[in-house]
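Residue-level structural notes
The lines below spell out each chain.
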Amino acid sequence: MNDALIEAVARYTERQPGNSPYFTAIEPLILLRSEFEKQPLCLVFKPALCVVLQGSKWSRFGDRRIDYAPGQALVVSVDTPALSRVVEATPKKPFLGMVLEFDLALLREVMEQMDSPPPPRHSIGPGVFLTDFHGPLADCLLRLVRLLEKPQAIGLLAPLTMREIYYWLLSGPHGGEVARMVLSNDHRQRLIQAVHVLREQFAQSLRIEALAAIAQMSPSTFHRQFKALTAMSPLQYQKQMRLLQARHLLASGAANAESAAFEVGYESPSQFSREYSRMFGAPPRRDTVVLRRGERPASPAR
């Protein structure tokens with residue numbers, strides 16, 4: 001692993017107030033730090049490069065768990081709810097990580113300007129995969145972190161470094177998978193459009209036929225391809241999105257348990273409570289108290 005990058009991220013994060021994640025002046029760049037192992041966190045991953053610099057963690061997407069350690073990065077190509085946990089961290093050697101959210105328009109532009117762009121993978125494969133992280137890619141991220149100390153240079157130099165990062169991703173061993181993220185004529189993109197519709201309309205009744213029509217697939221093919229991409233069924237995806245939004249409403253004080261249930265699409269508060277407890281490890285009212293006190297919530301069922 002790049003020792004200079006570890007030192008730069010450690011130096012930046014230890015000076016920041018508040019808790020991780022640290023959103024930086026370079027908008028796509030988020031830095032992570034934890035001095036202790038953490039309970040699993042439920043969140044929605046956006047398309048991004050998620051790098052472990054020090055320590056280790058795992059993320060579970062549906063029925064697929066991915067463990068990653070220093071020198072490895074998770075490439076996420078589609079919005080996906082997940083469970084994620086830091087499993088190796090101490091005050092002397094904290095967990096350090098980086099998230100670089102993808103600008104798909106810029107990624108497409110870089111690919112179109114390459115003399116030999118990578119041939120895209122045409123099959124529907126996992127929307128999340130693990131890759132090694134070293135060499136020129138690590139050098140680029142080091143330059144991004146160092147730019148945080150020279151804010152006057154960010155506007156001019158950060159976009160150039162981002163272009164270089166996309167070049168190395170596209171020219172690397174997983175260039176075909178990265179290229180597949182931005183090809184509008186790929187049938188995978190139609191499937192992703194259906195995923196986005198489900199994410200935006202998760203509170204509505206699930207109609208597989210309507211989503212399959214967006215993807216231009218039969219319902220059975222859509223169900224199979226959706227799970228291949230996200231590692232979960234459309235119903236599981238919808239359920240996780242509903243529960244994550246409900247938890248956000250409860251934590252912010254925007255709703256109580258019953259109103260949150262109805263707002264995210266549940267018709268039965270009792271069913272909502274059962275599924276909430278299964279996902280977050282405590283019923284809504286008890287979990288709300290913990291969240292509003294800023295305490296560590298109970299471990300979700302796994």
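Look above for the structure.
Read on for an overview of the structure. (Residues numbered from 1 in each chain as written. Predicted model: local features only at pLDDT ≥ 70, side-chain atom pairs only at ≥ 80, totals over all residues. Heavy atoms only, no water.)

**Observations concerning the side chain of threonine 230**
Turning to its location among the elements, threonine 230 is positioned in helix α8 (residues 219-230). In terms of polar contacts, threonine 230 uses its side chain to reach the backbone carbonyl oxygen of methionine 232, at 3.0 Å. Not counting the four nearest positions on each side in its chain, threonine 230 is found in contact with Phe61, Thr80 and Tyr237. (Helix = DSSP H or I, 4+ residues; strand = E, 2+ residues; numbered from the N terminus. Polar contact = N/O pair within 3.5 Å; in protein donor to acceptor, adjacent residues only side chain to side chain. Contact = heavy atoms within 4.5 Å.)

**Observations regarding the layout of surface pockets**
Taken as a whole, the largest pocket holds about 1,700 Å³ of empty space. If you trace the largest pocket, you find 46 residues lining it, with Ser20, Pro21, Leu41, Cys42 and Leu43 closest to the centre. Among the elements of the structure, β1 (22-23), β2 (29-34), β3 (41-45), β4 (48-54), β8 (80-88), β9 (95-101), α6 (187-200) and α9 (234-252) are those that each provide at least two residues to the lining of the largest pocket. The biggest single contributor to the lining of the largest pocket is α9, with six residues. (1 Å grid on protein atoms, 1.4 Å probe; cavity = no way out; pocket = protein on both sides within 12 Å on 5 of 7 lines; lining within 4 Å. Points joined across faces, edges and corners; volume = space filled by probe spheres on them.)

**Concerning the sheet that holds strand β5 (residues 56-61)**
Pairing within the open sheet is antiparallel, and its four strands lie in the order β3-β8-β5-β6. Edge strands, defined here as strands with exactly one partner in the open sheet, are β3 and β6 (64-68). Averaged over neighbouring strand pairs, the angle between their axes works out to 30° when direction is ignored. Where β5 and β8 come together, five bridges link them in antiparallel fashion. From the neighbouring strand, serine 59 faces β8, where its bridge partner is serine 84. Packing against the sheet, α9 makes contact with β3 and β8, and its axis sits at approximately 70° to β8. (Pairing = 2+ DSSP bridges. Axes fitted to C-alpha atoms, helices over the stretch in contact; angles between N-to-C directions.)

**So, the packing of aromatic side chains**
Scanning the entire structure with this criterion turns up eight aromatic pairs. Over the ring of tryptophan 58 we find arginine 60, and its NZ or CZ is 5.2 Å from the ring centre. Above the plane of the ring of tyrosine 266 lies arginine 242, whose end atom (NZ or CZ) is 5.6 Å from the centre. (Phe/Tyr/Trp six-rings, centres within 6.5 Å; stacked < 30°, edge-to-face > 60°. Lys NZ or Arg CZ within 6 Å of the ring centre and 35° of its normal.)

**Notes on unusual backbone geometry**
For the bond running from serine 20 to proline 21, omega is 10°, close enough to zero to count as cis. Structurally, the position occupied by proline 21 is in the loop between α1 (3-14) and β1. The backbone of glutamine 216 sits at a positive phi, close to 60°, despite the residue not being glycine. Summarising the element assignment, glutamine 216 is placed in the loop between α7 (208-215) and α8. What makes glutamine 216 exposed here is its relative accessible area of 59%. A positive phi is found at alanine 231, a non-glycine position, where the angle reads about 70°. Tracing the sequence through the fold places alanine 231 in the loop between α8 and α9. (Buried < 20%, exposed > 50% of the residue type's maximum accessible area, 1.4 Å probe, protein only.)

**Considerations on helix α2 (residues 104-113)**
Since one α-helical turn is 3.6 residues long, residues separated by three or four positions face the same way. Those residues of α2 that sit buried are Leu106, Leu107, Val110 and Met111. Viewed along the axis of α2, the buried residues span an arc of 140°, placing them on a single side of the element. In this structure, α2 carries Glu112 and Gln113 as exposed residues pointing more than 90 degrees from its buried face. Turning to α2, the residues buried within the fold contact α4 (151-171) and α5 (175-179). In this structure aspartate 103 caps α2, since a side-chain oxygen of it lies 3.2 Å from the backbone nitrogen of alanine 105. (Arc of directions from axis to C-beta.)

**Some words on the packing of α2 against α4**
One can describe the packing of α2 onto α4 by two numbers: an axis separation of 9 Å at closest approach and a directional angle of 65°. Between α2 and α4 lies a crossing whose hand is right-handed. Residues Leu106, Leu107, Glu109, Val110, Met111 and Gln113 of α2 touch α4, and the partners they reach there are Met162, Arg163, Tyr166, Tyr167 and Leu170. The residue inventory of the contact of α2 with α4, partitioned by class, reads eight nonpolar, one polar and two charged. (Left-handed = near helix turned anticlockwise from the far one by under 90°. Nonpolar A, V, L, I, M, F, W, Y, C, P; charged D, E, K, R; others polar.)

**Section: the nonpolar core**
Formed by 46 residues in total, the largest nonpolar core has its most connected members in Met98, Leu144 and Ile165. If near-sequence neighbours (up to four positions away) are discounted, leucine 144 is found in contact with Ile26, Leu29, Leu100, Ala158, Thr161, Met162 and Ile165. Counting residues in hydrophobic clusters, the runner-up holds 35 residues, among them Leu191, Ala194, Met232 and Ala261. (Core = buried A, V, L, I, M, F, W, Y, C linked by side-chain atoms within 4.5 Å.)

**Some points on the pattern of salt bridges**
Side chains carrying opposite charge are able to pair once their charged atoms draw close together. Scanning all chains against the criterion turns up nine salt bridges. With a closest N to O distance of 3.6 Å, glutamate 35 and arginine 33 form a salt bridge. Here aspartate 79 and arginine 199 are joined by a salt bridge, their closest N and O atoms 2.3 Å apart. Residue aspartate 79 is located in the loop between β7 (72-76) and β8, and its partner arginine 199 is located in helix α6; the two are separated by 120 residues in the primary sequence. (Salt bridge = Lys/Arg side-chain N within 4 Å of Asp/Glu carboxyl O.)

**Observations concerning the state of the cysteines**
Taken as a whole, this structure holds zero disulfides when the rule is applied. You can see cysteine 50 has no disulfide; the closest cysteine sulfur is in cysteine 42, sitting 16 Å from it. Residue cysteine 50 is classed as buried on the basis of its relative accessible area, which comes to 6%. Between cysteine 140, a free cysteine, and cysteine 50, which holds the nearest cysteine sulfur, the sulfur-to-sulfur gap is 17 Å. We classify cysteine 140 as buried; its relative accessible area is 0%. (Disulfide = S-S within 2.5 Å.)

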